[in-house]
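Below, each chain spelled out in residue letters.
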Amino acid sequence: MAQLLSQTEIQEQATYLKSWTVSGSQLECTRKFQGFVEAIDFVNKLVEPAETAGHHPDIEISYNRVKISLTTHDAGGLTQKDFDLAKVISQI
């Protein structure tokens, strides 16, 4: 099981993720697209990196907006896995 990060480690890691926020025990990012099709195209691009990492985001889709939430459920909060996947997603 992945080890939980301390609040200091979380804040330090968060400084490298410009479009992400820490909300409780989650990292969150919302992306806005031209329309529904573009939003779904983006979500489909998340499959490969999530599968490769063996770590899967919670995803909410509302027409042209996609909200991504990351947390390590089995550890009960934020771990390095969340920040690593957030960095990959930020490049998509």
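What counts and how
Residues numbered from 1 in each chain as written. Predicted model: local features only at pLDDT ≥ 70, side-chain atom pairs only at ≥ 80, totals over all residues. Heavy atoms only, no water. Helix = DSSP H or I, 4+ residues; strand = E, 2+ residues; numbered from the N terminus. Rg over C-alpha atoms; globule rule 2.2 N^0.38 Å. Buried < 20%, exposed > 50% of the residue type's maximum accessible area, 1.4 Å probe, protein only. Phe/Tyr/Trp six-rings, centres within 6.5 Å; stacked < 30°, edge-to-face > 60°. Pairing = 2+ DSSP bridges. Axes fitted to C-alpha atoms, helices over the stretch in contact; angles between N-to-C directions. Patch = residues over 30% accessible without salt bridge, like charges linked within 9 Å, V, L, I, M, F, W, Y side chains within 5 Å. Areas by Shrake-Rupley, 256 points an atom, 1.4 Å probe, with all protein chains shown as cover. Salt bridge = Lys/Arg side-chain N within 4 Å of Asp/Glu carboxyl O. Core = buried A, V, L, I, M, F, W, Y, C linked by side-chain atoms within 4.5 Å. Contact = heavy atoms within 4.5 Å.

Caption draft 1: Highlighting the overall build of the chain. A tally of helices and strands in the chain yields four helices and four strands. Expected size for 92 residues packed as a compact globule is a radius of gyration near 12 Å; at 13 Å, the chain falls within 12% of this value. Projected onto its principal axes, the C-alpha coordinates of the chain cover approximately 40 × 25 × 20 Å. Considering the chain as a whole, with its 92 residues, one finds that 39% of them fall into the buried category.

Caption draft 2: Structural detail: the packing of aromatic side chains. Tallied over the entire structure, the rule returns one aromatic pair. Ring geometry for phenylalanine 33 and phenylalanine 42: centres 5.1 Å apart, planes at 35 degrees, overall tilted.

Caption draft 3: Spotlight on the sheet that holds strand S3 (residues 58-62). Strand order in the open sheet formed by four strands is S1-S2-S4-S3, and the pairing between neighbours is antiparallel. The sheet is open, and its two borders are formed by strand S1 (21-23) and S3, each paired with just one other strand. With direction set aside, neighbouring strand axes in the sheet form an average angle of 25 degrees.

Caption draft 4: A look at a nonpolar patch on the surface. Together, Phe36, Val37, Ile59, Ile61 and Tyr63 make up a nonpolar patch on the protein surface, roughly 480 Å² of accessible area in all. Taking relative accessible area as the criterion, phenylalanine 36 reaches 43% and is therefore assigned partly exposed.

Caption draft 5: Region of interest: the nonpolar core. Within the largest apolar cluster, 20 residues are counted, with the highest numbers of intra-cluster contacts made by Trp20, Leu27, Phe83 and Ile89. Looking at this core, the elements that each hand over two or more residues are helix H1 (7-14), strand S2 (26-32), helix H2 (36-45), strand S4 (65-70) and helix H4 (80-90). Looking at which element gives the most residues to this core, the answer is H4, with four residues. Residues within four places of phenylalanine 83 in sequence aside, it is in contact with Leu5, Ile10, Gln13, Ala14, Leu17, Leu27 and Leu78.

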